[in-house]
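# Observations on chain architecture
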Amino acid sequence: MKKLKIAVLVSGSGSNLQVMIDAMQANRLPIEIVGVISNVADAYAITRANNAGVRTVVLSHVENGKKMGIRTFESRATKLLHEWSPDLVMLAGFMRVLSAEFIQSAPCAMINLHPSLLPCYKGLDTHERVLKSGDKWHGCSIHLVTAELDAGEVLTQAVLSVNVDDTPERLRLRVQKLEHALVPFTLAMIAQGFLVLGKVPTCLGASLPIKLYLD
């Protein structure tokens, strides 16, 4: 099977990047991570990628030491993506809002991992907001990236029940475990052709989003 070439954008610790690296190295997924781009110079995700021998580029500051603006970041990232020619761009803990121009100029589809059951709780602080609302269900979603924040078509979701003793941190850790299951599941669906990403994504034998109930 031809391997799915993936470019990954990161900003933080990279735990989901590590899941992808582990699955790639163990041949559990037919993927090849062709490069990692970080907008944070000291993100631990960079260490994870370097340890795995994955090509890594940091786009956090310009030559004079000033923090890189979003337009400069997007210009340089676009050039890299076209050089790498991935089949898919994955945003895994990437914490900048991207412009419509950047998304449209990407050489392939772009997906994002978000810690809520979209369309509920777009944006930040999802775990705190879920607890405050009293919702009984929470989880994470993988969706197509569009110019509107967290508004693209939802492809897959993993769901858990909220416990009465959950705190924001406890809930974050529980949802992170879901993420570590949802990411390889979704990539396998795409790599094997069961989930086709176009302007209107399609899935063989199932409707979108595909839900995993894990707890």
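Thresholds, definitions, all that
- Residues numbered from 1 in each chain as written.
- Predicted model: local features only at pLDDT ≥ 70, side-chain atom pairs only at ≥ 80, totals over all residues.
- Heavy atoms only, no water.
- Pairing = 2+ DSSP bridges.
- Helix = DSSP H or I, 4+ residues; strand = E, 2+ residues; numbered from the N terminus.
- Axes fitted to C-alpha atoms, helices over the stretch in contact; angles between N-to-C directions.
- Contact = heavy atoms within 4.5 Å.
- Phe/Tyr/Trp six-rings, centres within 6.5 Å; stacked < 30°, edge-to-face > 60°.
- Buried < 20%, exposed > 50% of the residue type's maximum accessible area, 1.4 Å probe, protein only.

Here we have 8 strands laid out as an open sheet, ordered 3-2-1-4-5-6-7-10, and mixed in their pairing. In the strand order of this sheet, the two ends are held by strand 3 (56–58) and strand 10 (210–213), each with one partner. Within the sheet, the average angular offset between the axes of one strand and its neighbour, ignoring direction, is 20 degrees. Examined bridge by bridge, strand 7 (residues 154–161) and strand 10 share 4 bridges and lie parallel to one another. Within strand 10, the residue paired with Gln-157 across the bridge is Lys-211. Docked against the sheet, helix 2 (residues 44–51) engages strand 1 (4–10), strand 2 (31–38) and strand 3, running at close to 155 degrees with respect to strand 3.

As enumerated under the stated definition, the model contains 1 aromatic pair in all. Measuring from centroid to centroid gives 5.6 Å for Phe-73 and Phe-94, while their planes differ by 25 degrees, and the two rings are stacked. With a gap of 21 residues between them, Phe-73 in helix 3 (residues 70–84) and Phe-94 in the loop between strand 4 (88–91) and helix 4 (100–105) connect regions that are remote in the sequence. When sorted by exposure, Phe-73 lands in the same class as Phe-94, which is buried.

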